[in-house]
Amino acid sequence: MNKWERLSQSRSDGAPARTVTLGRPIQPQAPGHRTIYCNDRERNQIVVQSKGNSISTTKYNILTFLPKGLFEQFRRVANLYFLTISIISSTPISPVSPYTNVLPLSMVLFVSLVKEAWEDWKRFQNDKAINNSSVDMLQDQRWVTVPWKNLQVGDVVKVKQDGFFPADLLFLAGTNADGVCYVETANLDGETNLKIRKALEKTWDYVTPDKASEFKGEVQCEQPNNSLYTFTGNLIIDDQTLPLSPNQLLLRGCSLRNTEFIIGAVIFSGPETKVMMNSMNVPSKRSTLERKLDKLILTLFGVLFLMSLIGAFGSGIFLNSKYYFLGLHGPGLAAENNPNNRFVVGILNMFTLITLYSPIIPISLYVSVEMVKFIQSTQYINNDLHMFHVETNTPALARTSNLNEELGQVEYIFSDKTGTLTRNLMEFFKCSIGGEVYGTGVTEIEVGGAQRNGLKVDEVRKPANFTREKGFNFDDSRIMRGAWRNEPNPDMCKEFFRCLAICHTVLPEGEETPEKIRYQAASPDEAALVTAAKNFGFFFYRRTPTLIYVRESHVEKMGKVEDVPYEILNVLEFNSTRKRQSVVCRYPDGRLVLYCKGADTVIYERLASGNNDIRKTTREQLEQFGAAGLRTLCLAYRDISSDTYENWNEKFIQAKSSLRDRERKLDEVAELIEKDLVLIGCTAIEDKLQEGVPSCIETLSRAGIKIWVLTGDKMETAINIAYACRLINNDMKQFIISSETDDIREVETRGDQVEIARYMRDAVKNQLKKCHDEAQHCFHPLSGQKVALVIDGKCLMYALDPSLRVMLLNLSLKCSSVVCCRVSPLQKAQVTSLVKKGARKITLSIGDGANDVSMIQAAHVGVGISGLEGMQAVMASDFAIAQFRFLTDLLLVHGRWSYLRICKVVMYFFYKNLTFTLTQFWYTFHTGFSGQRFYDDWFQSLYNVIFTALPVIAVGLFEKDVSASLSKRFPELYMEGIRNTYFNRRVVVTWALFSLYQSLVVYNFVATSSSNSVDSSGKMFGLWDVSTMAFNCIVVTVNLRILLMCDTITRWHHISIGGSILAWLIFILLYSGVYTPKGIYSVFYVLISTVYFYVMLLLVPIVALLGDFLYQGIQRWFFPYNYQIIQETHGHEPDQSSAGLLQIRNQLTPDEARSFQVAQLPRETSKHTGFAFDSPGFESFFGEKAGVFAPQKAWDVARRASMLRPKPKTPRRD
């Protein structure tokens, strides 16, 4: 971890969001533009009015901590309730001491505020470390080391290799002769691929302090905004205006690589930098059970109000002047005792009773639940070896503990395809050149399809000398090793290979030999295509800002190798709107060529007329590749005349220099030259399924979970992936709603957008209605056929219209599987929100890329895959895993156990506090509803905090109905969570009835028997004798009751229960031995000297718990839950989970074991969405403390001040 991660974590506070956040929108730019004068501080301070480069991410300061912190705490309804009770208890009408309520509330508030202060202190230390980082700044023609916080807009700085950029810089010059530098953006977007940045040729000379001090350029640029990938500006220098683009911008948070140093000018500083403006908060998520807990608290408050109302009516009726011995007469009679004003008596007594019955709502509930959840996350989920991926050294990571139990109630999973279901390890597999298909391999999906049809596919035998390179899984002797020269169309093959070798943004690294070179690509697809070109004999080995060098083999004649430089004149970059990438290059002989690659839909729209046979043949081959689950791209080219290029290039430069709508203008200019293309062919890349995906999906389906796949791939690819994953099978009724129909294509060719929209809406509506009617028939009891829905993004756009949304939802909910293809990131979030809000079902989204962030945030639970597409999905998620198959353990084991444990914790709190309060309520009937307290104040204060606190923690940590292996072996057990079996009205009413019964038993047994009992001196028992005896029975009963509700009893249960009862006995022995005016003095010593005490201690808990025992016995024998059946049938089997854990441990090599230990070292987690600051940089310090060797990182020292020293942890599954 480095300091940038601390910065991201420090901004993790925010108010809960009421609406689904689909990602932070790009902020509109402020009117006008910003003018910056480089090397002119005084002028910038007047004109720019920048905020400086110091950052602050703290939530409080010395003055605001207490008021703001208390405000945050009292936003919780429970804390506000107890504050009200504490205030009432301080008035004369309160029957209890103020300390009874003030002390527990103060403890809770103190712990919470200390936690807030500690977290804010860490944020302050992080800010201080970052602000005091040093950088070289130009002053008086020399480099002076200054802290980052002293930088201002316009300053010229020098950043050395591996250093971080202190602000958003305009790249002026560097040590590389070609004016380029290499930037790593891992702290920004998680991508480890190096990005190339190029300085303007006009500024290349400003390397030395003398030359840099001469730089007096004027920068006119956009106002600060949070768009990371756009920048519009001009540099005015020597009366010349030069356009600026993102290629000249070095963003704060990125680091310099493979360059000795660079010189840059500060454009945006501190809070105005793009990375800081993107440091947004994740939408606050609360679990469904927590929201239901709020309803239970409100119900308890209703019960409290009802009990107080009964007491108020009773006091008004009971109070009468005839009870002269109570002193209810005379001039000094208080209002609450005046029988002549019964209404006032009732109102005042009601407040008295509210205070008296306040323990019915437990103040320690939230603290206990949060503690249990935190330990579940950090000790169980994070340390589970069954979810540790050895190949990538990645453990599971619970980034929040708020949603543990939500994992046990998920009914719908929304999954991305690429990198989530598949490996995102792209391999060049097949291709089509001039209408001829090359490549002999068979994909996993083709094998799976053949097996479904009962056919056997023989594996293609590879030659003995066949070696497989990463990214290249292709073999066809017709075009390998120069054999393409003998093909019918060798010129087209040559154009195909050159397009692969030239049309890209890949950076080569390492030695310029085919065996040792490494390609840094923005995506695995690009790396696979360049690797393919190398294997075909067109080896791309060097790049400069204007040239690409390709070592071509067998072009002129067999065996001849020639290094050819291609001048790159223009790059028309890929984006999600264009769906294509083009380069304009000049051959050494002067030939001008545009190479273009992109999606088949956009390439076919721009082809020149003619060659219909090749176009038709290639389209059919594209469909075949898609049916085999391959990712396809079309390749095309165009020869350009010099005049045509010069005219177009002028327009391109104008568009590139524009300060407004630059992106739109560039797209419009690109359309002018990306036309009349000649189709070369297409590529087919295989992205294999992750290990265990089919079996995982099958298991989750048996658990009652419905899985939807939301992907941007073509329909054929998505369907075949769904077949390979066992998401769809031939037994299912399949509904396909597609925009690729002849009728729709015919309407689209007319070009009338209004007509297209109207026709598409009507067509989608008719298809939805037809599918819905057929689905109703499939759900007929005689049919029982499962249904699958496949819909593409264009149809989905109209189906999500408010007028059709309900119909789409009703149809989708009837389907076992849904596949949405060609969908945008926004549509992914909209579909997730549709089910979450429309159906009110618990949803989980899982993805691995930046395009999945909005979907992850929209679901109840977001899971990020630590994949090859960066860390944005992980940093926006609630839980992170390395492989899709780990969902089985995450949901069926940890999720189900967490749900079961939290339900039991909440219900036990409800039970024990209701039981305690009801005994006080029964006593009220014997006191004329006067509000006389039954228990001593300290009994009431410590009941939840000490005497019943530990056993419920043990339940929350160690309870499990069946083992982990049985949970996965019988996934149907998971349905109990989906149906909310353990936390519904029936369960609440059942516990309430037992509380009612046990409180009656305790109170009546103790009160009735005490009327005929005497102590050793012959005196009758008084109030404090009876109440102490009753409290003694309550403590023993509720602690023993926990054993009846547990399916697993460990030594910790015995220790916590015995310790709680022992704590009560020690307390009462000490407390009653201290003289107090309350009357409790020596009471317990008198009780333990009588037989009455021991008879009650034995008899009351037995009778009180007898009802629970009989109920559970009858329920288990005649109305068993599914897990109880599994317990009976498989209870004799040993727990395989621990055995499996030991087996995995034994299988780890020493290097793998060290990798796991390093992976478990403490890391700070960020709650940021989109733009992550996550790298394992602080491992060396903690590794040293844990006895594990981890290499030292440069930024370790700066972080030690703000980190705790952890104890070594042993990974385990509970």
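A quick note: this is a predicted structure, and the numbers were derived from the prediction, not measured. Along each chain, the written sequence defines residue order, and numbers are assigned to residues from 1. Predicted model: local features are reported for residues with pLDDT of at least 70 only, side-chain atom pairs are reported and counted for 80 or more only, and whole-chain, interface and lining totals are derived from all residues. Values reported for side chains reflect all heavy atoms of the structure, with hydrogen atoms and water molecules removed beforehand.

Participant: Is there a simple way to explain unusual backbone geometry in this structure?
Facilitator: A negative phi holds for most residues other than glycine; trans holds for most peptide bonds. In this structure, Asp-238 takes a positive phi of about 55° despite not being glycine. Phi at His-554 takes a positive value of approximately 65°, unusual for a residue other than glycine. Numbered from the N terminus, helices here are DSSP runs of H or I no shorter than four residues, and strands are runs of E no shorter than two. Secondary-structure assignment places His-554 in the loop between strand E21 (547-553) and strand E22 (561-572).

Participant: It is not clear to me how the sheet that holds strand E10 (residues 240-244) should be interpreted in this structure. Could you clarify?
Facilitator: Where strands meet in a sheet, backbone hydrogen bonds hold them as pairs that are either parallel or antiparallel. Pairing in this open sheet of 4 strands is antiparallel, and the strands run E1-E8-E9-E10 from one edge to the other. Looking at the sheet topology across the chains shown, the edges are occupied by strand E1 (34-37) and E10. Averaged over neighbouring strand pairs, the angle between their axes works out to 20° when direction is ignored. Sheet topology note: the E1/strand E8 (residues 218-221) ladder contains 4 bridges and is antiparallel. From the neighbouring strand, Thr-35 faces E8, where its bridge partner is Gln-220. Pairs of strands are assigned from DSSP output, requiring at least two bridges between the strands. Note on geometry: axes are lines fitted to C-alpha atoms, helical ones only across the stretch in contact, with angles between N-to-C directions running from 0 to 180 degrees.

Participant: Help me out: how do you make sense of the pairing of strand E20 (residues 538-543) in this one?
Facilitator: Sheet faces and side chains relate simply in a regular strand, where the side chains alternate between the two faces. The buried label applies to any residue whose accessible area, calculated with a 1.4 Å probe on protein chains only, is under 20% of its type's maximum; exposed applies above 50%, and partly exposed to all values in between. Buried residues dominate E20, accounting for 5 of its 6 residues. Judged from the 5 bridges that link them, E20 and E21 form a sheet pairing that is antiparallel. Within E21, the position partnered with Arg-543 by the bridge is Ile-548. With antiparallel pairing between neighbouring strands as the criterion, E20 and E21 make up a hairpin whose turn holds 3 residues.

Participant: I would appreciate a short explanation of the sheet that holds strand E6 (residues 180-184) in the present structure.
Facilitator: With respect to topology, 3 strands assemble into an open sheet ordered E7-E6-E12, the strand pairing being antiparallel. Sheet topology places strand E7 (194-198) and strand E12 (255-257) at the edges, where each strand pairs with a single neighbour. Here the strands of the sheet are splayed against their neighbours by 45° on average, with no regard to which way each runs. Where E6 meets E7, 5 bridges bridge the pair, whose relative direction is antiparallel. Looking across to E7, one finds that Val-180 is bridged to Lys-198.

Participant: Looking at this model, I keep getting lost on helix H38 (residues 1122-1130). Mind explaining?
Facilitator: The α-helix advances 3.6 residues per turn, and as a result positions three or four apart in sequence lie on the same side. Residues Tyr-1123, Gln-1124, Ile-1126, Gln-1127 and His-1130 constitute the buried set of H38. One face of H38 carries all of its buried residues, which in axial projection span an arc of 160°. By definition, residues are in contact when any of their heavy atoms lie within 4.5 Å. Against the buried residues of H38 lie helix H31 (964-969), helix H32 (975-978) and helix H37 (1091-1118). Each C-beta atom gives one direction from the helix axis, and the arc is the one those directions make.

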